[in-house]
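The lines below spell out each chain.
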Amino acid sequence: MSIKYWEYEDAPLKEKLKDPNVKDLAKIYFDNETKAYRFAMALYKVKKSGAIRLKDCGNELPIATWKRYLDFGVTVGLLKHEDEKYSFTDRYSKPLRNIPVYIKAWIEDPAKDEDLALLFPSAKGRQEKRGGRARNKSEGSGSQDGELTPE
């Protein structure tokens, strides 16, 4: 976690609260630009839709990556996971006293569009498949119990 000076000082915080953005929020938790970008994507999806299911996250990232970052949001107290949906909550940790104010200001900010590609210019895009089972077109249409079907 990269805690910056403005999170503890009142004057810099007041300046930041005038225009909160998801980049500052994600950079609190991740120094790595790519990880911060992915976490920002997850938070932004939840903000846009109010509550989101994993299957509705989109193709920008693999499902496992979406789950990892959404679960991280649950771990740090930004999100809650109920009824198979992720949504915002206000369980913030007390030691990080100004961070909750900034987070709440960003969540409640009117729906302004934030271009994540501009906010994280050096982040990497979609990952290439690195292994695992190959996907076939006929996958899921085969018979059960390992029986072979005539072609």
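Source: prediction; values computed, not measured.

Q: Which parts of the structure should I look at to understand helix 3 (residues 33-49)?
A: The periodicity of an α-helix, 3.6 residues per turn, causes residues three or four places apart in sequence to face the same way. For helix 3, built from 17 residues, the straight-helix expectation of 24 Å at 1.5 Å per residue is met to within 8% by its first-to-last C-alpha distance of 24 Å. Judged by how many residues are buried, helix 3 sits mostly within the fold: 13 of 17 residues are covered. The N-capping residue of helix 3, defined by a side-chain oxygen 2.7 Å from the backbone nitrogen of Thr 34, is Asn 32. With its phi angle positive at about 85°, Gly 50 sits one or two positions after the end of helix 3.

Q: I keep staring at the pattern of salt bridges and nothing clicks. Help me out?
A: Close approach of charged atoms allows side chains with opposite charge to pair. Counted according to the given criterion, the structure contains 5 salt bridges. When the shortest N-O distance is used, the salt bridge between Glu 60 and Lys 45 registers 3.8 Å. On the criterion of sequence distance, the pair formed by Glu 60 in the loop between strand 1 (51-52) and helix 4 (63-75) and Lys 45 in helix 3 is long-range, its members being 15 residues apart. A relative accessible area of 37% places Glu 60 in the partly exposed class. Here Asp 71 makes a salt bridge to Lys 67, at a shortest N to O gap of 2.8 Å. Remark: Lys 67 and Asp 71 occur in helix 4; sequence separation between them is 4 residues, near one turn of the helix. Look at Asp 71 and you get partly exposed, because its relative accessible area is 26%.

Q: Even after reading the chapter, I still don't get the packing of helix 2 (residues 22-29) against helix 3, so can you show me in this structure?
A: In a packed pair of helices, the relevant descriptors are the angle between the two axes and the axis-to-axis distance. In contact at an axis separation of 8 Å, helix 2 and helix 3 are set at 125° when each is read in the N-to-C sense. By the angle between their directions, the pair helix 2 and helix 3 is classed as oblique. Considering how the two elements wind past one another, helix 2 and helix 3 form a crossing that is right-handed. Note on element contacts: helix 3 touches helix 2 through Glu 33, Ala 36, Phe 39, Ala 40 and Leu 43, opposite Val 22, Leu 25, Ala 26, Lys 27 and Tyr 29. Looking at side-chain class alone, the contact of helix 2 with helix 3 contains 8 nonpolar, no polar and 2 charged residues.

Q: Is there a simple way to explain the sheet that holds strand 2 (residues 79-82) in this structure?
A: As a general point, the strands of a sheet are linked pairwise by backbone hydrogen bonds and lie either parallel or antiparallel. Across the sheet, which stays open at both edges, the 3 strands sit in the order 1-3-2 with antiparallel pairing between neighbours. Pairing within the sheet leaves two strands with one partner each, and these edge strands are strand 1 and strand 2. Here 4 bridges tie strand 2 to strand 3 (residues 85-88), and the two strands are oriented antiparallel to one another. Bridging across to strand 3, Lys 80 finds its partner in Ser 87.

Q: What is the right way to read the packing of aromatic side chains from this model?
A: For any pair of aromatic rings, the description consists of the separation of the ring centres together with the inter-plane angle of the planes. One pass over the full model with this rule turns up 8 aromatic pairs. Taking 5.3 Å as the distance between ring centres and 80° as the angle between the ring planes, the aromatic pair formed by Phe 39 and Phe 72 counts as edge-to-face. Placement of the pair is Phe 39 in helix 3 and Phe 72 in helix 4, with a sequence separation of 33 residues. Residue Phe 39 is classed as buried on the basis of its relative accessible area, which comes to 0%. Members of the aromatic cluster, joined through ring pairs, are Tyr 29, Phe 30, Phe 39, Tyr 69 and Phe 72. For Lys 47, the ring lying beneath its charged end belongs to Trp 106, and the centroid distance is 4.4 Å.

Parameters at a glance
- Residues numbered from 1 in each chain as written.
- Predicted model: local features only at pLDDT ≥ 70, side-chain atom pairs only at ≥ 80, totals over all residues.
- Heavy atoms only, no water.
- Helix = DSSP H or I, 4+ residues; strand = E, 2+ residues; numbered from the N terminus.
- Expected span 1.5 Å × (residues − 1).
- Buried < 20%, exposed > 50% of the residue type's maximum accessible area, 1.4 Å probe, protein only.
- Polar contact = N/O pair within 3.5 Å; in protein donor to acceptor, adjacent residues only side chain to side chain.
- Salt bridge = Lys/Arg side-chain N within 4 Å of Asp/Glu carboxyl O.
- Axes fitted to C-alpha atoms, helices over the stretch in contact; angles between N-to-C directions.
- Parallel < 35°, antiparallel > 145°, perpendicular 65-115°, else oblique.
- Left-handed = near helix turned anticlockwise from the far one by under 90°.
- Contact = heavy atoms within 4.5 Å.
- Nonpolar A, V, L, I, M, F, W, Y, C, P; charged D, E, K, R; others polar.
- Pairing = 2+ DSSP bridges.
- Phe/Tyr/Trp six-rings, centres within 6.5 Å; stacked < 30°, edge-to-face > 60°.
- Lys NZ or Arg CZ within 6 Å of the ring centre and 35° of its normal.

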